[in-house]
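# Geometric and topological summary
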Amino acid sequence: MDDHLSDDELDHAPKIHVSKHVPPPFALDDAFADGDEADHTLEFSPEAVRKEFAKAYSSIDSHVAQDDLAGYVAKIGLSVEPDMSVSTLSSDTSGPDPSSSPALQPSKSAGPQLVSQPSLEGSFYDIQLSDGSPRLSHSLEPPNLPAGDDIGPTSRPVSPPPVHTPELVSSAPEAKLDIVQEVEIPVTGSQPVPYGRVLAQASPRPATPRSSASVSSTSSNLPTSMSLPTPTSYASENSIISAPPAITHRRAVRSMGPSALDKVISKTRPPFLPPKSRAEDLKHMADWEAMMKRSRTAEEKRRAALQERRSARERKIEESIGIWERAILPDWTVVKRNTSLRKLWWAGIPTKLRATMWQSAVGNALVLSKDAYKSCLSRARRALSHGTFPTTVLGFLEDDIKTTMPNLRLFLPGTGPMYQDLKDMLCAWVVSRSDEGLGYILGAAKIAAMLLLNMDPAEGFVVMRNLLERHCLRSFFGGIASKDDVEAYYRIFDTLLADGMPKIYFNFKQHQISPASYLPDWLVPLFLDHLPFEACARLWDILVLEGDSFLFRASLAILAVLESRLFFPDRRELLELLRGENKPAIEVAKRDSRLLNGAKYEIYGVDEETLWERLDSMDEWWRESTWTRLIQRELPDL
């Protein structure tokens, strides 16, 4: 780096104004001239700085003895520490001629190259010494210095200095002493943060504060360090402190009650509106609490009414067992011809007759024998023993069993009492479909578990094979080969949704949500993942009677129950709601201590009674003829 300044830089360099009574120690033009051979060096060593400060302050108290000089230097707060830095400029005081001291001479080797710049009012520049030089720490105790020439900055470093505590003195033509100290206080914390600045101005004349509010500082106890200064702030009537608040990292403390902010902040008006009076805010808060209390009371009454209706319906079903045994059990097809018996079927099949009615309504279109289950199971066990059973299929099967009715704990791997029956039934079902080139579909374990809860594995195997051979379910369980049929069913559902619930339809279209985003999750496990067990059992009662059309009618009823929640502005939130993963709804359900039995839509309040309210209301616009027409249009070969 060049040790001399250019002519342009010298033209803009600030000149040192001195008093008429004291000759200037040196001129910048002479000190940095190219032809001057007798260059004076400015030494920035601790010994030289200590000596110059002692000389400068010698006029404070003339009776200070030479032997007490070391004690006085310690008293004004000068100490040497190996890892500290200092920025100091020469001061022109009434003491001895600084030109005779080597500490005030410019040095070519001490510190980085400095570039003289025009002095700006209110600006302070620091001088950084080389890494090899020892650094000084300064106490913030302001000494009572005599009035003299003003002391100011004369140069600025090329690169910004590291963390340090510079002390800057300025030079001015007036014969008044203005000593400005700029101290950067480190903020406690484990990460590097900006350092606050403390500006103190001591003058015999009254200080003019920069702001209307005078700030008083208090003693701050900062941790000592070998690499950072340890200043202490002081209070003075002539002090002006401009420092940002210290950033501290404290451990969060759990509040035992409302904070001071919570006691005064308004919770009944948005922050962009004018504030309310305290009395009005308290009144509105009390009104809000009363409204919430009435809402909770109304919700409890609604749940109690639904429970009462459910209990009454169950009692009525039990009382109708005689009618079932006399009129329906001998010939179940009479239900399709008799309206009253059909309505009785829709109310729900008695539990002890459910297995028989399901088998009769599903039928045996595949003409499977009673030994079909044993035959397929023996083939599956033989493949498992020889290691020829597809490991990928077996992995899918095990994963599907783990998520099957976890709240019942009947099918848990290894511990569930019905786990082995479910696995055997699924392995036999996979073997029976392997002849057609079809594999395993996730969701089949839910259907097999529902059948096992109502009948023996052999009977459940026959019902499962025939139920999943109905065209709609076979399309969803048929893999890639039935992709076109699945797309046709999506179009049918979109048409029914647009006719029955146009608001939901256009909202889905606006967010680009097609039936493929949610319909397979409902139809493949036959709603067992999303609805409570009792609601699914009743849906299955009608499904085996009405066929594929009821799958779509039940799906529309689910959307009708969720309608008030489906108008999210964000597509991601809407998809989370359809998957049963809406976090606010989960938190509300936990807060209300709502019993959750594993169904995803229980957090939305979807239960058997609310679902049947929507199904009954659909009688006004649902027509079987519409379903038949849509099937003929989209699937003409069916």
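Under the annotation held in an unreviewed UniProt entry, the chain carries the name Rab-GAP TBC domain-containing protein and is attributed to Fibroporia radiculosa.

## Considerations on the overall build of the chain
The number of helices and strands found in the chain is 25 helices and nine strands. The long-range share in the chain, meaning contacts at least 24 apart out of those at least 6 apart in sequence, stands at 71%. Summed over its atoms, the accessible surface of the chain is roughly 35,900 Å², and 54% of this surface lies on carbon and sulfur atoms.

## Some points on the nonpolar core
As a rule of thumb, soluble globular proteins bury nonpolar side chains together. Counting 120 residues, the largest nonpolar core has Trp345 and Leu559 as its most contacted members. For this core, the element with the highest residue contribution is helix α21 (residues 548-561), accounting for 10 residues. When residues no more than four places from it in sequence are discounted, the contact partners of Trp345 are Trp324, Ile328, Trp332, Val335, Met357, Ala361, Asp541, Ile542, Val544 and Leu545.

## Quick notes on unusual backbone geometry
In this structure, Val367 takes a positive phi of about 55° despite not being glycine. With respect to the helices, strands and loops of the structure, Val367 is situated in the loop between α10 (354-362) and α11 (372-386). For Met405, which is not glycine, the phi torsion reads 45° and is therefore positive. You can see Met405 is positioned in the loop between α12 (391-402) and α13 (419-434). For Met405, a relative accessible area of 10% gives the class buried.

## Here's the deal with the pattern of salt bridges
As enumerated under the stated definition, the model contains 30 salt bridges in all. We note a salt bridge from Glu299 to Arg303, for which the minimum N-O separation is 3.2 Å. With Glu299 and Arg303 both in helix α6 (residues 278-319) and four residues apart, the pair spans about one turn of that helix. Overall, the relative accessible area of 28% leaves Glu299 in the partly exposed class. What makes Arg303 partly exposed here is its relative accessible area of 30%. Close ionic contact of Arg310 with Glu314 constitutes a salt bridge, the shortest N to O distance being 3.3 Å. On the criterion of helical spacing, the pair formed by Arg310 and Glu314 is a turn pair, its members being four residues apart in helix α6. Exposure remark for Arg310: the relative accessible area of 23% places this residue in the partly exposed category. Residue Glu314 is classed as partly exposed on the basis of its relative accessible area, which comes to 38%.

## Structural notes on the packing of helix α20 (residues 533-546) against α21
The geometry of α20 relative to α21 is characterised by a closest axis approach of 7 Å and an angle of 140° between their N-to-C directions. The orientation of α20 with respect to α21, classified from their angle, is oblique. Facing Leu539, Ile542, Leu543 and Glu546 of α20, the residues of α21 in contact are Asp548, Ser549, Phe550, Leu551 and Ala554. Residues belonging to the contact of α20 with α21 are distributed by class as follows: six nonpolar, one polar and two charged.

## Things to note about the confidence of the model for the chain
In this model, the chain carries an average pLDDT of 73, and 60% of its residues clear a pLDDT of 70 or more. Below a pLDDT of 50 lies the segment residues 61-67, which in the model reaches zero contacts outside its immediate sequence neighbourhood of four places, other chains included. In the model, residues 75-242 has pLDDT below 50 throughout and makes 313 contacts with residues more than four positions away in sequence or in other chains.

## Regarding the packing of aromatic side chains
The tally for this structure, following the rule as stated, stands at 18 aromatic pairs. Seen from their ring centres, Trp332 and Trp345 are 6.5 Å apart, and the 55° between their planes marks the pair as tilted. Of this pair, Trp332 sits in the loop between α7 (321-328) and α8 (334-337) while Trp345 is found in helix α9 (residues 339-346), placing the two residues 13 residues apart along the sequence. Comparing Trp332 with Trp345, the two get one shared label, buried. Ring geometry for Phe508 against Tyr518: centres 5.6 Å apart, planes inclined by 55°, an arrangement best described as tilted.

## What to know about helix α22 (residues 571-578)
Among all positions in α22, only Leu574, Leu575, Glu576, Leu577 and Leu578 are buried. At its buried positions, α22 is contacted by α18 (502-510), α19 (519-523) and α21. Capping the start of α22, Asp570 holds a side-chain oxygen 3.4 Å from the backbone nitrogen of Arg572, two or three residues further along. Taken from the residues just after α22, Gly580 is the one with a positive phi, measuring 75°.

## A short note on the packing of helix α14 (residues 444-452) against helix α15 (residues 457-467)
Where α14 contacts α15, the axes come no closer than 9 Å and their chain directions differ by 130°. Regarding the angle of α14 to α15, the classification is oblique. Relative to α15, the crossing made by α14 is right-handed. Here Ala444, Ile447, Ala448, Leu451 and Leu452 of α14 come into contact with α15, specifically with Pro457, Gly460, Val463 and Met464. Among the residues forming the contact of α14 with α15, the class breakdown is eight nonpolar, one polar and no charged.

## Observations regarding α13
Each full turn of the α-helix corresponds to 3.6 residues, which orients residues three or four apart in the same direction. Taking 1.5 Å of rise per residue, the 16 residues of α13 would be expected to cover 22 Å, and the 23 Å separating its terminal C-alpha atoms lies within 8% of that figure. Among the 16 residues that make up α13, 13 are buried, leaving the element largely enclosed by the rest of the structure.

## What about the environment of Gln307?
Inspection of the secondary structure puts Gln307 in helix α6. For Gln307, a relative accessible area of 43% gives the class partly exposed. Between the C-alpha atoms of Gln307 and Glu609, which are 302 residues apart in sequence, the distance is 8.5 Å.

## Quick notes on the environment of Trp612
Residue placement: Trp612 occurs in helix α24 (residues 608-617). Classification of Trp612 by relative accessible area gives buried; the value is 5%. The spatial distance from the C-alpha of Trp612 to the C-alpha of Ala535 is 8.9 Å, given a sequence separation of 77 residues. With near-sequence residues (within four places) excluded, Trp612 lies in contact with Trp346, Ala535, Arg538, Leu539 and Ile542.

## Digging into the environment of Ile349
Residue position: Ile349 is located in the loop between α9 and α10. Leaving out residues up to four positions away in the same chain, Ile349 has contacts with Ile317, Trp324, Arg354, Met357, Trp358 and Asp541.

Rules behind the numbers
Residues numbered from 1 in each chain as written. Predicted model: local features only at pLDDT ≥ 70, side-chain atom pairs only at ≥ 80, totals over all residues. Heavy atoms only, no water. Helix = DSSP H or I, 4+ residues; strand = E, 2+ residues; numbered from the N terminus. Contact = heavy atoms within 4.5 Å. Areas by Shrake-Rupley, 256 points an atom, 1.4 Å probe, with all protein chains shown as cover. Core = buried A, V, L, I, M, F, W, Y, C linked by side-chain atoms within 4.5 Å. Buried < 20%, exposed > 50% of the residue type's maximum accessible area, 1.4 Å probe, protein only. Salt bridge = Lys/Arg side-chain N within 4 Å of Asp/Glu carboxyl O. Axes fitted to C-alpha atoms, helices over the stretch in contact; angles between N-to-C directions. Parallel < 35°, antiparallel > 145°, perpendicular 65-115°, else oblique. Nonpolar A, V, L, I, M, F, W, Y, C, P; charged D, E, K, R; others polar. pLDDT = per-residue confidence, 0-100. Phe/Tyr/Trp six-rings, centres within 6.5 Å; stacked < 30°, edge-to-face > 60°. Polar contact = N/O pair within 3.5 Å; in protein donor to acceptor, adjacent residues only side chain to side chain. Left-handed = near helix turned anticlockwise from the far one by under 90°. Expected span 1.5 Å × (residues − 1).

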